[in-house]
Amino acid sequence: MELCFIKNYVFMESENLCKKNSNDAKVSDGNLFNKDNTQPISPAWTAVFSLTMGVFGLLTAEYLPASLLTPMASELGLSEAVAGQTVTVTAIAALFSGLLLPGLTRSLDKRIVLLSFSALMIVSNLFVALSSSIIVLLLMRTLLGIALGGFWAMAAAVAMRLVPLKLVPRALSIIFSGIAVGTVLSVPLGSYLGGLFGWRSAFYAAAAVGIVTLVFQWFTLPNLPSQQAAKSTTVLKVLLRPGIIVGMLGCVLAHMGHYSLFTYVRPFLEDTIRIGADGIAMVLLGFGAANFAGTLLAGRLMEHSLRSTLTIMPILVGVVALLLVFLPHSFTGHALLIAVWGMAFGGVPVAWSTWVSTAVPDEAESAGGMVVAAVQGAIAAGAAMGGLLFNYAGISGVFVTAGISMILAGVFIAWLVKVKAIRNDAGRVVVSHH
């Protein structure tokens, strides 16, 4: 979900690249790339599909603990709060990886880099499945975070080197379908496999997905040698522009409360309506499907008002969290409320990706790294905050506090975040400077 912002920035970058490469010389039909090795002559669709598989595999692995906290904690002799930190360390590692690895690997062939990330995903999932120690578990989840942040930071730019510029939107829609499928399937599938064969089986399955992905990428990704790095404004300089720090704080707040809730949704359902793994899988499948629908709905809402979308969605999540605690508990009621939560949060990443593309249109790459850091930081902070609350106030305390924080996030955004108006002009969304 948190990766949705990449789509906006790449569409902007593709327009600029198109102008840059409009005068490229003719090349021979036998060569994959043009003379400066930046744009392909023909699309490499199988390579694009291999990126889709990578995104799906990484997203699935990141979200698995959310559906398996209870059995993981029980078997390893941990509290659910400590087990929840497997989400925190992954997010922290992804935060730094997304910011640092693109620069550190600038001189390397991106094919080798992406294959290394897929190999890290396999190693991480296998050792988590085999682990009997919290130390090993956290170290392996850190490796996953490194692969996650690095892969996501580079995937969009690599896609632009796999297809001609006019086909970049189609390639992106294919790659990001991995996000939608992963969001819908990862958590309920993990819960289902965990109920049938134990929590370790879900991580073995994730490792198997990684192996298939690595083999497919090995045979489909072309060599992607390093390119001359373009001069770019630093993230710090972008942050110091008027209104950007406040906006990024709003982005963090809008994500943090959600991840406090989502990390501990299984213990909440088990405590309140006493359902097993199959029931949890059904509820979370509903959440995922509604989340996908919410992403589509947000696009329509933003055509009318970006500010309203940014404000209403987190408030709605907060209200649902409070209703889950204070309304009478029932399977049907909780399933419906959690579906509304999924739909509402589906619009949050889309709205913030649109906000950053309108707030910093001239520095999309730096803005993209900035939002990666903000979202991953929010995941880490949200999971950590949920763990502390779970220890000291119980599962209801997690949902009440996180729900209130989401409502306050919406109020903060409405009052303090500067939002440029957008309007639909001849079928396309443009920024209004009036």
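From a predicted model like this one, the values you see are computed outputs, not experimental measurements. (Residues numbered from 1 in each chain as written. Predicted model: local features only at pLDDT ≥ 70, side-chain atom pairs only at ≥ 80, totals over all residues. Heavy atoms only, no water.)

### Here's the deal with the overall build of the protein
In terms of helices and strands, the protein carries 15 helices and two strands. Considering the protein as a whole, with its 434 residues, one finds that 55% of them fall into the buried category. For the protein, long-range pairs separated by at least 24 residues make up 84% of all intrachain contacts whose partners lie at least 6 apart in sequence. Looking at the protein as shown, the accessible area adds up to about 17800 Å², and 68% of this sits on carbon and sulfur atoms. (Helix = DSSP H or I, 4+ residues; strand = E, 2+ residues; numbered from the N terminus. Buried < 20%, exposed > 50% of the residue type's maximum accessible area, 1.4 Å probe, protein only. Contact = heavy atoms within 4.5 Å. Areas by Shrake-Rupley, 256 points an atom, 1.4 Å probe, with all protein chains shown as cover.)

### A closer look at the environment of T60
Topologically, T60 is positioned in helix 2 (residues 45–76). It is 9.8 Å that separates the C-alpha atoms of T60 and A202, two residues lying 142 residues apart in sequence. Ignoring any residue separated from it by four or fewer positions in sequence, one finds T60 in contact with G182 and S186.

### Examining helix 10 (residues 244–263)
Taking 1.5 Å per residue as the helical rise, helix 10 with its 20 residues ought to reach 28 Å, and the 28 Å between its terminal C-alpha atoms agrees with that figure. Taking burial as the measure, the 20 residues of helix 10 include 15 buried ones, the bulk of the element. (Expected span 1.5 Å × (residues − 1).)

### Some words on the packing of helix 5 (residues 110–130) against helix 8 (residues 199–220)
In the contact formed by helix 5 and helix 8, the axes pass within 8 Å of each other and the chain directions differ by 160 degrees. Relative to helix 8, helix 5 is oriented roughly antiparallel. Seen along the crossing, helix 5 lies across helix 8 with a hand that is left-handed. Packed against helix 5, whose contacting residues are R111, L114, L115, S118, A119, M121, I122, N125, L126, V128, A129 and L130, the element helix 8 presents W199, R200, F203, Y204, A206, A207, G210, I211, T213, L214, Q217 and W218 at the interface. Looking at the contact of helix 5 with helix 8, its residues break down into 17 nonpolar, five polar and two charged. (Axes fitted to C-alpha atoms, helices over the stretch in contact; angles between N-to-C directions. Parallel < 35°, antiparallel > 145°, perpendicular 65-115°, else oblique. Left-handed = near helix turned anticlockwise from the far one by under 90°. Nonpolar A, V, L, I, M, F, W, Y, C, P; charged D, E, K, R; others polar.)

### Focus: the nonpolar core
Core analysis: the largest hydrophobic core is formed by 98 residues, its most contacted members being F151, L162, L269, W341, W352, W355 and F399. When residues in this core are grouped by element, the largest group, 16 residues, is from helix 15 (residues 364–416). Leave out the neighbours within four places in its chain, and L269 touches R274, I275, I280, V283, H334 and I338. Formed by 13 residues, the second largest nonpolar core is a distinct cluster that contains M72, L76, A129 and M140. (Core = buried A, V, L, I, M, F, W, Y, C linked by side-chain atoms within 4.5 Å.)

### Brief notes about the side chain of T90
Tracing the chain through its elements places T90 in helix 4 (residues 85–104). Among the polar contacts made by the side chain of T90, one reaches the main-chain carbonyl oxygen of R141 at a distance of 3.1 Å. Ignoring anything within four residues of it in the chain, the contact list for T90 reads E62, R141, L144, G145 and L148. (Polar contact = N/O pair within 3.5 Å; in protein donor to acceptor, adjacent residues only side chain to side chain.)

### Considering the confidence of the model for the protein
Taken as a whole, the protein shows an average pLDDT of 79; of its residues, 80% reach a score of 70 or greater. Every residue in residues 1–31 scores below 50 in pLDDT, and together they form 69 contacts with partners more than four places removed in sequence or on other chains. Here residues 423–434 is modelled with pLDDT under 50, and outside its nearest four sequence neighbours on either side it reaches 19 contacts, counting other chains as well. (pLDDT = per-residue confidence, 0-100.)

### Overview of the packing of aromatic side chains
Summed over all chains, the structure comprises nine aromatic pairs. Note on W199 and F203: the rings are 5.9 Å apart at their centroids and 85 degrees apart in plane angle, and the pair reads as edge-to-face. Of the two residues, W199 and F203 are both situated in helix 8; the distance of four residues between them amounts to about one turn of the helix. There is no split in this pair, since W199 and F203 are both buried. Ring-pair connections join several aromatic residues into one group, and the members of that group are F262, F268, F287, W341 and F399. (Phe/Tyr/Trp six-rings, centres within 6.5 Å; stacked < 30°, edge-to-face > 60°.)

### Points about the packing of helix 2 against helix 8
Contact geometry for helix 2 and helix 8: axes closest at 8 Å, N-to-C directions at 165 degrees. When the axis of helix 2 is compared with that of helix 8, the two are roughly antiparallel. Along this stretch, helix 2 crosses helix 8, giving a crossing that reads as left-handed. Tallied by class, the residues present in the contact of helix 2 with helix 8 amount to 17 nonpolar, seven polar and two charged.

### Things to note about unusual backbone geometry
Look at R274: it is not a glycine, yet its phi comes out positive at around 55 degrees. In this structure, R274 sits in the loop between helix 11 (265–272) and helix 12 (277–304).

### Quick look at a nonpolar patch on the surface
On the surface, V181, L185, L189, Y192, L196, F197 and L285 cluster together into a nonpolar patch covering about 660 Å² of accessible area. When residues of the nonpolar patch are assigned to their parent elements, the largest contribution, six residues, is made by helix 7 (residues 168–197). By secondary structure assignment, the location of L189 is in helix 7. (Patch = residues over 30% accessible without salt bridge, like charges linked within 9 Å, V, L, I, M, F, W, Y side chains within 5 Å. Salt bridge = Lys/Arg side-chain N within 4 Å of Asp/Glu carboxyl O.)

### Section: empty space enclosed by the protein
Counting across every chain of the model gives four cavities of 30 Å³ or more. Here the largest cavity is characterised by a volume of approximately 70 Å³. As for the largest cavity, its lining consists of E62, Y63, A66, V87, Y259, F262, T263 and I379. Elements that contribute at least two residues to the lining of the largest cavity include exactly helix 2 and helix 10. Here the lining of the largest cavity is built from residues that sort into six nonpolar, one polar and one charged. (1 Å grid on protein atoms, 1.4 Å probe; cavity = no way out; pocket = protein on both sides within 12 Å on 5 of 7 lines; lining within 4 Å. Points joined across faces, edges and corners; volume = space filled by probe spheres on them.)

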